[in-house]
Amino acid sequence: MLDKLQSLADRYDKLSELLCDPAVVNDSQKLREYSKEQSDLQETYEAFVEYKSVSQQLDEAKAMLGEKLDDEMREMVKMEMDELSAKKERLEERLHVLLLPKDPNDDKNVIVEIRGAAGGDEAALFAGDLYRMYTRYAELQGWKTELMDASLNDLGGFKEVVFMVKGKGAYSKLKFESGAHRVQRIPVTESGGRIHTSTATVAVLPEAEDIEIEIKDSDIRVDTFCSSGAGGQSVNTTKSAVRVTHVPTGIVATCQDGKSQNSNKELALRVLRARIYEKMMQEEQAKYDSERKSKVGTGDRSERIRTYNFPQSRITDHRIGLTLHKLDTVLNGDLEEVISALTIAAQAELMEKGELQ
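As annotated in an unreviewed UniProt entry, the protein chain carries the name Peptide chain release factor 1 and is attributed to Ferviditalea candida. Regarding the protein chain, the UniProt comment filed under Sequence similarities (unreviewed entry) reads as follows: "Belongs to the prokaryotic/mitochondrial release factor family."

Written as structure tokens, this is what we have:
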């Protein structure tokens, strides 16, 4: 591990030199490329510098014990050694995590798709609850959200809602949310007070850049239609809503929440590109042996990942066996404890396999 860290530190120092080189400064592409590479290495570099400093201090303290010291001084040195040893151990654990393979999509914006599944109107209402939970969480993280498409039911829930979350690290935080979410509660439509179980599916797609997914004009079909609201009533009489179909794959994206037909087409293409990218990632994932799939989930939206139990104010993530009795605060956007636990579980799995960058 130390050899790997020293190699990364040497590269960081080299990048510092390159970023001061006039030839690089005058080349916007290289400047951007080297700046991003150094930014990606910075946290590991700083942790390694601190680790080396603590290690040196610990060696110096050990050397002092070999000298003639009075009892009080010897006790002080031993106390310092205990503190330095604990700090060194914490830094080693942190460096192990920092050396784990990085998901290339982690820093990307995401497109989130939520659909009411089993449960009719109650599933649509639950899809609305999830939409509010994620938009609130995004707000708490300082991210921005942009509604791209929505289909309401008569009770104000969502048959389907598609939105973008823009912010650094959005995918790294939300990528484990893909799957089937189950709710257990008494529906507003239930007069007998019986608890019903309904589900909604969530798909979190990293936004694909143009250079990653090239879509030829000849490969898409664009249809326009009038936007509609709850119950299917017409919102406007102009054909501003857009449906884009990628003919080679049959993948479709629709958008009707933009201000114009052009903006809806642009938004629909972004969704389409993300869906094609997701399909490519799933095909790549399928090449791996099943035992190498993450314990925290494959991202398949048919996989039941979490239960929200209202009578007991309980939320349970089935992948890692996490149960919290704070349903109200989680649905209000306080997802960090759940997401952190999933991230730690994924990191622990990688460390167990001994995988480093």
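The discussion continues.
Draft legend 1. The arrangement of the packing of helix α1 (residues 2–18) against helix α3 (residues 28–65) in detail. One way to put it is that α1 packs onto α3 with a least axis distance of 9 Å and a crossing angle of 130 degrees. Here α1 lies oblique to α3, going by the angle between them. Where α1 crosses over α3, the handedness of that crossing is left-handed. For the pair α1 and α3, contact is made by L2, L5, Q6, L8, A9, R11, Y12, D13, L15, S16 and L18 and by Y34, E37, Q38, L41, Q42, T44, Y45, F48, Y51 and K52, respectively. Partitioning the contact of α1 with α3 into residue classes produces 12 nonpolar, 5 polar and 4 charged.

Draft legend 2. Local environment of the sheet that holds strand β6 (residues 220–225). Pairing within the open sheet is antiparallel, and its 3 strands lie in the order β6-β7-β8. Only two strands of the sheet have a single neighbouring strand rather than two, namely β6 and β8 (251–255). When the angles between neighbouring strand axes are averaged without regard to direction, this sheet yields 15 degrees. Pairing between β6 and strand β7 (residues 241–246): 6 bridges, direction antiparallel. Note on β7: the bridge partner recorded for V222 is V244.

Draft legend 3. Molecular detail of the packing of aromatic side chains. Under the defined criterion, the tally for this structure stands at 5 aromatic pairs. Relative to F158, the ring of Y131 lies with its centre 5.3 Å away and its plane at 70 degrees, an arrangement referred to as edge-to-face. Here Y131, found in helix α5 (residues 121–140), pairs with F158, found in strand β3 (residues 158–166); they are 27 residues apart in sequence, far enough to count as distant. Here Y131 and F158 have matching classes, each one buried. Considering the side-chain rings of Y131 and F163, the 5.0 Å spacing of their centres and the 80 degrees angle between planes classify their relative orientation as edge-to-face. With a gap of 32 residues between them, Y131 in helix α5 and F163 in strand β3 connect regions that are remote in the sequence. Overall, Y131 belongs to the buried group, its relative accessible area being 17%. Each residue in the set Y131, F158 and F163 is aromatic and connected to the rest through ring pairs, giving one cluster.

Draft legend 4. The arrangement of the side chain of R319 in detail. One can find R319 in the loop between β10 (314–317) and β11 (322–324). A polar atom in the side chain of R319 sits 2.5 Å from the backbone oxygen of F176. Of the polar contacts made by the side chain of R319, one reaches the side chain of D317; its length is 2.8 Å.

Thresholds, definitions, all that
- Residues numbered from 1 in each chain as written.
- Predicted model: local features only at pLDDT ≥ 70, side-chain atom pairs only at ≥ 80, totals over all residues.
- Heavy atoms only, no water.
- UniProt positions renumbered as here; feature names shortened; annotations may be inferred.
- Axes fitted to C-alpha atoms, helices over the stretch in contact; angles between N-to-C directions.
- Helix = DSSP H or I, 4+ residues; strand = E, 2+ residues; numbered from the N terminus.
- Parallel < 35°, antiparallel > 145°, perpendicular 65-115°, else oblique.
- Left-handed = near helix turned anticlockwise from the far one by under 90°.
- Contact = heavy atoms within 4.5 Å.
- Nonpolar A, V, L, I, M, F, W, Y, C, P; charged D, E, K, R; others polar.
- Pairing = 2+ DSSP bridges.
- Phe/Tyr/Trp six-rings, centres within 6.5 Å; stacked < 30°, edge-to-face > 60°.
- Buried < 20%, exposed > 50% of the residue type's maximum accessible area, 1.4 Å probe, protein only.
- Polar contact = N/O pair within 3.5 Å; in protein donor to acceptor, adjacent residues only side chain to side chain.

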